[in-house]
Structure formats: structure tokens, C-alpha cells
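Below are the chains, spelled out letter by letter.
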Amino acid sequence: MLLSAFGSVLQLLYLAMLVLAVVAFVFAATAREDAYRAADKKKKSFWLVILGVAVAVNLLIPMLFLQLAGVVASIVFMVDVRPALKAVSGGGGGRGGGSSSDGPYGPYNGGR
């Protein structure tokens, strides 16, 4: 009973790793090539190869070590590269731009 529960948890973990790799690959593929240069990140082809290998490993080779390497690459893309690409591409997350000192009701001027 305990082993079957552990197997189910492991299958969910494998599925989560695959989904993360696929989502990162799709985001990498849909970003513009010049945004990578403008954000001073590696080339688009570099990220497509790395994330494509991560997807392939998750689908074809059930080796946890290689899958974890793919998860690390996917996480790095999602938390470092993707926000930089959005910043240079004009994707402000629905806020409509503005500076870093803008609050919910307009710019913050330090109480002046």
C-alpha cells in the first residue's frame, strides 16, 4: 500500500517536471529573437535546445538525474530569462507600464 502511494507521488512529480519543461519551451519559442539580445541573455536557439532536451528527457528517458537537470534549466528560464524578455518586449503584466516608483494610485513622490 505504501509503495503504491509512493509510486503515485513519483508519477505526479514526473508529470509536473514534464509540464514545467513544456511550458518553458513554449515561452522560449514564442519570444522574439531580438528580445534575447536586448535582455543580454543567451541566444534563443540556446534556450530552445536546452529546453527541448529537457522535454525529450522527460518523455523518453526516465532517469531522475537528467530530469532534475532539465527542471533546473526550466526554472532558470522561468525566473530569470522570461521576466527579462517580458521587460524588453514591453510586457508589463497588465499594469500598462510606468516606473518602479508607481503605486496603485499613481507615482509615489516621497510625501512631497
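Look up: the structure comes first, before these words.
Source: prediction; values computed, not measured.

Asker: In this structure, what is going on with the packing of helix H1 (residues 2-30) against helix H4 (residues 64-89)? I would like to understand it.
Answerer: When two helices pack together, their arrangement is given by the angle between their axes and by how far apart the axes lie. The interhelical angle for the contact between H1 and H4, taken along N-to-C directions, is 40°, at an axis separation of 9 Å. Here H1 is positioned oblique relative to H4, judged by the angle of their axes. When the axes of H1 and H4 are compared, the crossing they make is left-handed. Packed against H1, whose contacting residues are Tyr-14, Met-17, Leu-20, Ala-21, Val-23, Ala-24, Phe-27 and Ala-28, the element H4 presents Leu-64, Gln-67, Leu-68, Val-71, Ser-74, Ile-75, Phe-77, Met-78 and Arg-82 at the interface. Here the residues of the contact of H1 with H4 are counted per class, giving 14 nonpolar, two polar and one charged.

Asker: Sorry if this is basic, but what is going on with the nonpolar core here?
Answerer: If you look at the biggest cluster of nonpolar residues, it comprises 12 residues: Ala-24, Ala-28, Ala-31, Ala-35, Tyr-36, Ala-39, Trp-47, Leu-51, Phe-77, Val-81, Ala-84 and Leu-85. Elements with a minimum of two residues in this core: H1, helix H2 (33-38), helix H3 (44-60) and H4. Take this core: its biggest share by element is four residues, from H4. Once residues lying within four places of it in the same chain are set aside, the contact partners of Ala-39 are Ala-84, Leu-85 and Val-88.

Asker: Is there a simple way to explain the layout of surface pockets in this structure?
Answerer: Empty space among the atoms becomes visible once a probe the size of a water molecule is rolled across them. Considered as a void within the structure, the largest pocket measures approximately 170 Å³ in volume. Contributions of two or more residues to the lining of the largest pocket are made by H1 and H4. By residue number, the principal contributor to the lining of the largest pocket is H4, which donates five residues. A breakdown of the residues in the lining of the largest pocket according to their chemical character gives five nonpolar, two polar and three charged.

Asker: What's the story with the pattern of salt bridges in this structure? I'm lost.
Answerer: Two side chains of opposite charge can pair, provided their charged atoms sit close to one another. Going through the model one piece at a time under the given rule, you end up with three salt bridges. One salt bridge connects Arg-32 with Asp-34, and the closest N-O pair in it is separated by 2.9 Å. Across the pair Glu-33 and Arg-37 runs a salt bridge whose closest N-O atoms are separated by 3.8 Å. Taken as a pair, Glu-33 and Arg-37 lie in helix H2 at a separation of four residues, close to a single helical turn.

Parameters at a glance
Think of each chain on its own: its residues are numbered from 1, step by step along the sequence as written. Only residues with pLDDT of at least 70 get local features here, since the model is predicted, and only at 80 or more are side-chain atom pairs given and counted; chain-wide, interface and lining totals rely on the full set of residues. Hydrogens and water are ignored here; the side-chain numbers use all heavy atoms of the structure. Inter-axis angles, ranging from 0 to 180 degrees, are taken between N-to-C directions of lines fitted to C-alpha atoms, where helices are fitted over the stretch in contact. Think of it this way: any DSSP run of H or I at least four residues long counts as a helix, any run of E at least two long counts as a strand, and we number them from the N terminus. Every angle not falling under 35 degrees, over 145, or within 65 to 115 is termed oblique; those three ranges are roughly parallel, roughly antiparallel and roughly perpendicular. In this scheme the crossing of two helices becomes right-handed for a clockwise turn of the near helix relative to the far one and left-handed for an anticlockwise turn of less than a right angle. Here, residues are in contact when the closest pair of their heavy atoms is within 4.5 Å. Amino acids are sorted into nonpolar (Ala, Val, Leu, Ile, Met, Phe, Trp, Tyr, Cys and Pro), charged (Asp, Glu, Lys and Arg) and polar (every other residue, Gly among them). Buried residues of nine kinds, namely Ala, Val, Leu, Ile, Met, Phe, Trp, Tyr and Cys, make up a nonpolar core once their side-chain atoms join them within 4.5 Å. Relative accessibility decides the category of a residue: with a 1.4 Å probe and only protein chains considered, values under 20% of the type maximum give buried, values over 50% give exposed, and everything between is partly exposed. Every definition here rests on a 1 Å grid over the protein atoms only: cavities are sets of points where a 1.4 Å probe fits but cannot get out, pockets are open sets enclosed by protein on both sides within 12 Å along at least five of seven lines, and lining residues have some atom within 4 Å of a point. Grid points are joined across faces, edges and corners, and a volume is the space filled by probe spheres set on the points. For this document, the term salt bridge refers to a Lys or Arg side-chain nitrogen within 4 Å of an Asp or Glu carboxyl oxygen.

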